[in-house]
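Report on the structure
If you want the building blocks of each chain, they are given just below.
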Amino acid sequence: MTREAFERELHRLKDDVVQMGERAGEAIHRAVEALRTRDVAAAEQVIAEDDAIDALHMDLEQRCMRLLATQQPMAGDLRTIASVFAITIDLERMADHAEGISRAVKRLGTEPLVKPLVDIPKMEAQIQEMVRDMLDAVRAQDPRLARQAAAKDDVVDELRNRVLHDLLGIMIKDPQTIPRALELLIVARHLERAADHITNVCERVVYMVTGELRELNV
Amino acid sequence: MQTRTPALIDHTTGIQAQDVHAWFDRLHALRGISMTVPERKVTAVIGPSGCGKSTFLRCINRMHELVPEARVSGRVLLGQENVYDEAADPVLVRRRIGMVFQKANPFPTMSIYNNVAAGLTLAGERDRRKVEQIVEQSLRAAALWDEVKDRLHKPGTSLSGGQQQRLCIARALAVSPEVLLMDEPASALDPASTLRIEELARELANDITIVIVTHNMQQAARVSDFTGFFLDGELIEYGPTNDLFTKPRDRRTEDYITGRFG
């Protein structure tokens, strides 16, 4: 591989990470939308499309391995490849959480929800903001944007606590609701974990650009 | 694992270069190098061809001045002593600061044994038992003893390239140097022999100070504790190897080690 081809491949890696991140964010959005509209078919579609995101992950991982083996990258190049390697794992897990939400939607079927959806859509909206900032940070190689995205994880955690609190109240009042309430709790848990993966990605973006590897938002 | 050789470990020290300049006639090859090479560590010197890294190495043990029209200024401290002090004996300096070169250069007419013993004999050592003992110690320290112990009186040139390089290392070790300078010691060797030389450098650093010049960035990254990047006769960046290869501070270092120039 020539130096120019190597440079092109490094750019492609970042472009493909952005594409994978967009798809993972989209999967989360569609899973929560399926819950909101009680659309089991849409949930099944999210589950089916997870394979494509898994395939992107495998492809990126293999390309990183090939570059490590053949190019002996150093400094910024090494940090980019090592970061892409780590980022794809987090994005793949993010998509797995979309799949998890979709499975909860399927289990709920057409049964009535135990409470109106208020905080879960808010969590999802917050996650979409985080995804946007995260992907802008990758595109612009901007650690400030990455830190900004990671800082929003607190809001997601806060909303998840509210969901937990509300659902506990409902379950205590009427144990009949427990199976359905648990499904919403599972959804909130998946969203909270998805936001954690975004935070991980942001940490890697900071490392890629600055060489500084630190946990964000601890 | 080779056994440690007590003869090699009783004294060692680091090097301090202070504002070292070097010229080849009117070519100003080194422009004020100041760097501290810590004792019993491996320090790598990297940089593109013509950057002055080998010249720097040859200034450390006063070999630069052997080139006609070559000059040096500044100080090179070995411990507390300036090797350029008027009272310093260059021959003694070179005994304390040994060197191995890119191409293995065993004395062609000499046996393996005599190659290693040569420095001792030159230094006036007459005790045959002692010479035998030091030859064995040095060959062990150079990780060569097991391969040559049954053919010590065969010519040094009968060995493979990698073995010849280790023979040269044994020869340098025989006179108990405090510092070993390695000028691209593995650039002519196959990958397996290269790794043996690298392992050897790491092992020797338990006892002596090693400075290695290399064009092979992965080698510098694998073998050294500290790395200095030279460019156009200047030391651009110097620090722990791990930092230099993962997050260099200077753009020129980044560009060089990522292959964007040089």
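First, a word on what this report is: a plain description of the structure on this page. Remember, predicted model here, so these are calculated numbers, not experimental data. (Residues numbered from 1 in each chain as written. Chains lettered and ligands numbered in written order. Predicted model: local features only at pLDDT ≥ 70, side-chain atom pairs only at ≥ 80, totals over all residues. Heavy atoms only, no water.)

Regarding the interface of chain A and chain B
- Contacts between the two partners involve 11 residues from chain A and, on the opposite side, 12 residues from chain B.
- Between chain A and chain B lies a buried interface of about 960 Å² when both sides are counted; carbon and sulfur atoms form 49% of it.
- The largest per-residue losses of area from chain A upon contact with chain B belong to Arg3, Met74 and Ala75 of chain A, which jointly make up 50% of the total buried on that side.
- Viewed at the interface, chain B and chain A are joined by 2 salt bridges.
- Salt-bridge contacts for Arg260 of chain B lead to Asp77 of chain A; the nearest nitrogen and oxygen are separated by 2.9 Å.
- Linking chain A with chain B are 6 residue pairs in polar contact (both at pLDDT 80 or more).
- Elements supplying a minimum of two residues to the side of chain A that touches chain B: α1 (3–37) and α3 (75–108) of chain A.
- Taken together, the residues of the side of chain A that touches chain B break down into 4 nonpolar, 3 polar and 4 charged. (Contact = heavy atoms within 4.5 Å. Buried area = accessible area lost by both parts, 1.4 Å probe. Salt bridge = Lys/Arg side-chain N within 4 Å of Asp/Glu carboxyl O. Polar contact = N/O pair within 3.5 Å; in protein donor to acceptor, adjacent residues only side chain to side chain. Helix = DSSP H or I, 4+ residues; strand = E, 2+ residues; numbered from the N terminus. Nonpolar A, V, L, I, M, F, W, Y, C, P; charged D, E, K, R; others polar.)

Overview of helix α5 (residues 143–151) of chain A
Residue and element names in this part refer to chain A.
- For α5, the set of buried residues is Pro143, Leu145, Ala146, Ala149 and Ala150. Taken end-on, α5 shows its buried residues confined to a sector of 160°, consistent with a single buried face.
- Among the structural elements, α4 (119–140), α6 (153–173) and α7 (178–210) are those in contact with the buried residues of α5.
- In this structure Asp142 caps α5, since a side-chain oxygen of it lies 2.8 Å from the backbone nitrogen of Arg144. (Buried < 20%, exposed > 50% of the residue type's maximum accessible area, 1.4 Å probe, protein only. Arc of directions from axis to C-beta.)

Concerning the side chain of Arg62 of chain B
Residues and elements named next belong to chain B.
- Its place among the elements puts Arg62 in the loop between α2 (53–60) and β4 (70–78).
- Among the polar contacts listed, one links the side chain of Arg62 to the side chain of Glu65, at a separation of 3.0 Å.
- Among the polar contacts made by the side chain of Arg62, one reaches the main-chain carbonyl oxygen of Val83 at a distance of 2.9 Å.
- Filtering out sequence-adjacent residues up to four positions away, Arg62 remains in contact with Val83, Tyr84, Asp85, Ala88, Pro90, Val93 and Arg94.

Notes on the packing of helix α2 (residues 40–71) of chain A against α3 of chain A
Residue and element names in this part refer to chain A.
- Relative to each other, α2 and α3 sit at 165°, their axes nearing to 9 Å. Comparing the axis directions of α2 and α3 gives the class roughly antiparallel. Both α2 and α3 take part in a crossing whose hand is left-handed. (Axes fitted to C-alpha atoms, helices over the stretch in contact; angles between N-to-C directions. Parallel < 35°, antiparallel > 145°, perpendicular 65-115°, else oblique. Left-handed = near helix turned anticlockwise from the far one by under 90°.)

Remarks on the environment of Leu57 of chain B
All names here are of chain B.
- Of note, Leu57 is situated in helix α2.
- The buried category is assigned to Leu57, whose relative accessible area is 0%.
- Along the chain, Leu57 and Met182 lie 125 residues apart, while their C-alpha atoms are 8.3 Å from each other.
- Ignoring sequence-local partners within four residues, the contact set of Leu57 consists of Met99, Leu181, Met182, Asp183, Val211 and Val213.

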